[in-house]
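# Overview (structure and organization)
As a plain string of letters, each chain reads:
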Amino acid sequence: MKQIKMGTNTTGIATSPIDSKELIEFAQVIPPSSPGSEADAAAVRSEYARESGTVGSVPPPASVKGVVKAAGELIHGRPPALLIDKLGERLQFERSGTRLYEAMIAKHDAEGSFEGGPTRADLEAIRDEELLHFALVKRAIERLGADPTAMTPGADVIGLASTGVLAVAVEPRINLGQSLQALLVAELTDNDGWRMLIDLAIAYGQEEMAAEFRVAEQHEALHLERVRAWLSSKLALDTRGAPTSTTPQQAA
């Protein structure tokens, strides 16, 4: 496994005191290339926010069952759009989670693991559960008469938020141990996301749906526990300066 080590990192200003002094003096003398201030930039952002539209909408139902629900405009006394939007959001996150673990498996195959770290079977098992959760949410959306392929506003937002986490996992310079930070971010978000979705399903009177989601929440709690344990093991090894690498075959 690639190790964190001292090297020729010249990104810090302290690596060249003479040049850095001249750079600071130059910045103080030469005015900015364009007029404006932080307040001006904030004002422009506020104007954009006021003038822009939304990130999308919940599409009309694609089935007879959905039309019936939409005609009444209520599920258990509440508009159905919010529940469908949040189900779309969870569907998108579980899709991203599946891809995240696929990327981690590829990284494991390339460099192996470390003592106390994940095996390939560990990563595969979680990947498979993420895929099962995706299928679970898809069925829930279909039971409400909605279209699981639609990109709802919540799905759009969480898809964008997930891009940074996935980017860490697919970056070849970032090793398996470092990528666990991305897994931790994803699993923390996943756990809270399921909890909120369960509360929302109950509020809409979808008790059966909530019960199914509780099982997924239990899976995610175990995922989080395992990722925390792997990350703790890696940090402990790094602190001791102990060798951390195992071959992909040994770690399978």
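Please read these numbers as outputs of a predicted model, since none were measured by experiment.

Calculation criteria
- Residues numbered from 1 in each chain as written.
- Predicted model: local features only at pLDDT ≥ 70, side-chain atom pairs only at ≥ 80, totals over all residues.
- Heavy atoms only, no water.
- Helix = DSSP H or I, 4+ residues; strand = E, 2+ residues; numbered from the N terminus.
- Buried < 20%, exposed > 50% of the residue type's maximum accessible area, 1.4 Å probe, protein only.
- Contact = heavy atoms within 4.5 Å.
- Areas by Shrake-Rupley, 256 points an atom, 1.4 Å probe, with all protein chains shown as cover.
- Polar contact = N/O pair within 3.5 Å; in protein donor to acceptor, adjacent residues only side chain to side chain.
- Axes fitted to C-alpha atoms, helices over the stretch in contact; angles between N-to-C directions.
- Parallel < 35°, antiparallel > 145°, perpendicular 65-115°, else oblique.
- Left-handed = near helix turned anticlockwise from the far one by under 90°.
- Expected span 1.5 Å × (residues − 1).
- Bend = angle between axes of the 7 residues up to and from the residue.
- Nonpolar A, V, L, I, M, F, W, Y, C, P; charged D, E, K, R; others polar.
- Patch = residues over 30% accessible without salt bridge, like charges linked within 9 Å, V, L, I, M, F, W, Y side chains within 5 Å.
- Salt bridge = Lys/Arg side-chain N within 4 Å of Asp/Glu carboxyl O.
- pLDDT = per-residue confidence, 0-100.
- Phe/Tyr/Trp six-rings, centres within 6.5 Å; stacked < 30°, edge-to-face > 60°.

Another aspect to go through is the overall build of the protein chain. Secondary structure assignment for the protein chain yields eight helices and zero strands. When the helices and strands of the protein chain are placed in sequence order, the string is α-α-α-α-α-α-α-α. Split into buried and exposed, the 252 residues of the protein chain put 36% on the buried side. By sequence separation, contacts in the protein chain at least 24 residues apart represent 83% of the contacts at least 6 residues apart. Summing over all exposed atoms, the protein chain offers an accessible surface of approximately 14,700 Å²; the carbon and sulfur share of this is 60%.

Turning our attention to the side chain of Ser113. Tracing the sequence through the fold places Ser113 in the loop between helix H4 (81-111) and helix H5 (120-143). A residue is classified by how much of its surface remains accessible, and Ser113, at 2% relative accessible area, is buried. Within the structure, the side chain of Ser113 is placed 2.8 Å from the backbone oxygen of Pro118, a separation counted as a polar contact.

With that settled, consider the packing of H5 against helix H7 (residues 176-203). Any two packed helices are characterised by how steeply their axes cross, that is the angle between the axes, and by the distance between the axes. Orientation of H5 relative to H7, taken along the N-to-C sense of each, is 30°, at an axis distance of 14 Å. By the angle class used here, H5 and H7 are roughly parallel. For the pair H5 and H7, the sense of crossing is left-handed. Note on element contacts: H7 touches H5 through Glu187, Asp190 and Trp194, opposite Ile126, Glu130, His133, Leu136 and Val137.

To continue, consider helix H6 (residues 153-170). The end-to-end C-alpha separation of H6 is 26 Å, in line with the 26 Å expected for 18 residues at 1.5 Å each. At Thr163, H6 shows its maximal bend, which comes to roughly 30°. Residues of H6 that are buried include every one of Pro153, Gly154, Ala155, Ile158, Gly159, Ser162, Val165 and Ala169, and no others. Buried residues along H6 sit in contact with H4 and H7.

Turning our eyes to something else, we now look at the packing of H4 against H6. In the contact formed by H4 and H6, the axes pass within 8 Å of each other and the chain directions differ by 10°. Compared by their axis directions, H4 and H6 come out roughly parallel. Along its contact with H4, which presents Asp85, Gly88, Glu89, Gln92, Phe93, Ser96, Arg99, Leu100, Ala103, Met104 and Lys107, the element H6 presents Pro153, Gly154, Ala155, Ile158, Gly159, Ser162, Val165, Leu166, Val168, Ala169 and Val170. When grouped by side-chain class, the residues that make up the contact of H4 with H6 number 12 nonpolar, six polar and four charged.

Now for a nonpolar patch on the surface. A surface patch of nonpolar side chains, amounting to about 320 Å² of accessible area, comprises Phe26, Val29 and Ile30. Among the structural elements, Val29 can be located in helix H1 (residues 17-29).

Attention shifts here to the confidence of the model for the protein chain. Mean pLDDT over the protein chain stands at 87; residues scoring 70 or higher make up 85%. Mean pLDDT across the elements of the protein chain bottoms out in helix H3 (residues 64-72) (49) and peaks in H5 (97).

Next up on the list: the packing of aromatic side chains. To describe a pair of aromatic rings, you give the distance between the ring centres and the angle between the ring planes. Across all of its chains, the model carries one aromatic pair by this definition. Ring plane angle 65° and centroid distance 5.2 Å describe the contact between Trp194 and Phe213, whose orientation is recorded as edge-to-face. Here Phe213 lies in helix H8 (residues 207-240) and Trp194 lies in helix H7, a separation of 19 residues in the sequence. For the pair Trp194 and Phe213, one class covers both residues: buried.

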